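Residue strings, one per chain:
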Amino acid sequence: MLTVFFAPLVLFLLVIGGMSLGYLFKRKSLQGSGGGITALGMEKVCHCPEPCKTRKKREAKAALRNKQRIF
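Along each chain, residues carry numbers from 1 onward, in the same order as the chain's sequence is written. Totals for whole chains, interfaces and linings use all residues, but because this is a predicted model, local features are given only for residues with pLDDT of at least 70 and pairs of side-chain atoms are given and counted only at 80 or more. Water and hydrogen atoms were dropped before computing side-chain values, which therefore reflect all heavy atoms in the structure.

Caption draft 1: Focus on the overall build of the protein. Along its length, the protein carries two helices and zero strands. Using the Shrake-Rupley algorithm and a 1.4 Å probe, accessible areas are obtained, with residue cover drawn only from the displayed protein chains. When the accessible surface of the protein is split by element, carbon and sulfur atoms take 68% of a total near 7100 Å². The secondary structure listing takes helices from DSSP runs of H or I that are at least 4 residues long and strands from runs of E that are at least 2 residues long, numbered from the N terminus.

Caption draft 2: Highlighting a positive patch on the surface. Within the patch definition used here, like charges are joined within 9 Å and nonpolar side chains (Val, Leu, Ile, Met, Phe, Trp, Tyr) within 5 Å, considering only residues with over 30% relative accessible area and no salt bridge. Any carboxyl oxygen of Asp or Glu within 4 Å of a side-chain nitrogen of Lys or Arg constitutes a salt bridge here. In this count, Lys and Arg are taken as positive residues and Asp and Glu as negative ones, while His and the chain termini are left out. The location of each charge is read from NZ of Lys, CZ of Arg, CG of Asp or CD of Glu. A grouping of K53, K57, K61, R65 and R69 is seen on the molecular surface, where their side chains present a positively charged patch. By the element assignment, K57 lies in helix 2 (residues 53–70). On the basis of relative accessible area, K57 is assigned to the exposed category, the value being 60%. Three labels apply to residues, based on accessible area from a 1.4 Å probe with only protein chains included: buried if under 20% of the type maximum, exposed if over 50%, partly exposed otherwise in between.

Caption draft 3: Up close: the packing of aromatic side chains. Ring pairs shown here join Phe, Tyr and Trp side chains whose ring centres sit within 6.5 Å, with only the six-membered ring taken for Trp; geometry is labelled stacked below 30 degrees between planes, edge-to-face above 60, and tilted in between. All chains considered together, the criterion is met by one aromatic pair. A centroid spacing of 5.2 Å and a plane angle of 70° characterise the contact between F5 and F6, whose relative ring orientation is edge-to-face.

Caption draft 4: Summary view of the pattern of salt bridges. Across all of its chains, the model carries two salt bridges by this definition. Across the pair K56 and E50 runs a salt bridge whose closest N-O atoms are separated by 2.9 Å. One salt bridge in this structure joins E59 and R55, with 2.8 Å as the shortest N-O distance. Taken together, the residues span about one helical turn, with E59 and R55 both in helix 2 at a distance of four residues.

Caption draft 5: A look at helix 1 (residues 2–26). Helix span, expected: 1.5 Å multiplied by one less than the number of residues in the helix. For helix 1, built from 25 residues, the straight-helix expectation of 36 Å at 1.5 Å per residue is met to within 8% by its first-to-last C-alpha distance of 36 Å. R27 occupies a position one or two residues after helix 1 and carries a positive phi of about 55°.

Caption draft 6: How the structure looks around a nonpolar patch on the surface. Residues L2, F5, F6, L9, V10, L13 and L14 make up a contiguous nonpolar surface patch of about 710 Å² in total accessible area. The exposed category is assigned to L13, whose relative accessible area is 52%.

That is the geometry; function is a separate question.
Okay, here's the thing in structure tokens:
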């Protein structure tokens, strides 16, 4: 019964350890697949004519980050 518990636990720990080694050596964080709603040609999830305050703040931060990268 304990082998049923410990075998997946060891497997998960090995996978997490492998991912952490990849981060330590390459300094690259995990990224998504690049899919999502933008792959479907959609800009946003909702159909609101005006973006919400949270989205406006997030877009302003992203624009500021992109502007700082250029200079």
